[in-house]
Amino acid sequence: MKAHQNDIIPCGIGLLAICLFIRYWVGKRRFNRRGIGGLQHFSTYRKAVATTFGETLLLIIANLCGLAGLFLLAIAGFDHLKF
């Protein structure tokens, strides 16, 4: 069964939107944690490690979603071209 272009394009755009939303959300959280000196402030070391690890994991997932979305849109574009 062949995937149709009507299914690929919305999935690609959706994955790109998820990528941009996660990157915006993590960036906003990091910005709000910054102090006057430009460093991020945490109340405990445990919170710093857990938050940094969780946000890094989220950014990796967001980047994978973005790459998958671009890949799907590229496939839809190449399928549109008839060689």
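Refer to the preceding data block for the structure.
Remember, predicted model here, so these are calculated numbers, not experimental data.

Participant: How should the overall build of the chain be read in this particular structure?
Facilitator: Secondary structure assignment for the chain yields two helices and zero strands. Computed over its C-alpha atoms, the radius of gyration of the chain comes to 18 Å, more than 25% above the 12 Å expected for a compact globule of 83 residues. Taking the principal axes of the C-alpha coordinates as reference, the chain spans close to 60 × 25 × 15 Å. A burial count over the chain gives 18% of its 83 residues as buried. Considering only contacts within the chain whose residues lie at least 6 apart along the sequence, 73% involve residues at least 24 apart. Carbon and sulfur atoms make up 71% of the accessible area of the chain, which totals about 6600 Å².

Participant: How do you make sense of the state of the cysteines when you look at a structure like this?
Facilitator: Every disulfide links exactly two cysteines, by a covalent bond between their sulfur atoms. This model, assessed by the stated rule, comprises zero disulfides. Summary of cysteine pairing: C65 is not part of a disulfide, and the nearest cysteine sulfur, belonging to C19, is at 7.1 Å.

Participant: Mind showing me how you'd approach the side chain of E55 here?
Facilitator: In this fold, E55 is placed in helix α2 (residues 45-80). Judged by its relative accessible area of 4%, E55 is buried. For E55, the side chain forms a polar contact with the side chain of R30, separated by 3.1 Å. Residues within four places of E55 in sequence aside, it is in contact with V26, R29, R30 and R33.

Participant: Can you walk me through a nonpolar patch on the surface in this structure?
Facilitator: Residues I60, L64, L67 and L70 make up a contiguous nonpolar surface patch of about 410 Å² in total accessible area. Mapped onto the elements, I60 comes out in helix α2. You can call I60 partly exposed: its relative accessible area is 46%.

Participant: Help me understand the environment of G77 in this model?
Facilitator: Looking at the element boundaries, G77 is found in helix α2. Taking C-alpha positions, G77 is 42 Å from Q40, a pair spaced 37 residues apart along the chain.

Conventions used here
Residues numbered from 1 in each chain as written. Predicted model: local features only at pLDDT ≥ 70, side-chain atom pairs only at ≥ 80, totals over all residues. Heavy atoms only, no water. Helix = DSSP H or I, 4+ residues; strand = E, 2+ residues; numbered from the N terminus. Rg over C-alpha atoms; globule rule 2.2 N^0.38 Å. Buried < 20%, exposed > 50% of the residue type's maximum accessible area, 1.4 Å probe, protein only. Contact = heavy atoms within 4.5 Å. Areas by Shrake-Rupley, 256 points an atom, 1.4 Å probe, with all protein chains shown as cover. Disulfide = S-S within 2.5 Å. Polar contact = N/O pair within 3.5 Å; in protein donor to acceptor, adjacent residues only side chain to side chain. Patch = residues over 30% accessible without salt bridge, like charges linked within 9 Å, V, L, I, M, F, W, Y side chains within 5 Å. Salt bridge = Lys/Arg side-chain N within 4 Å of Asp/Glu carboxyl O.

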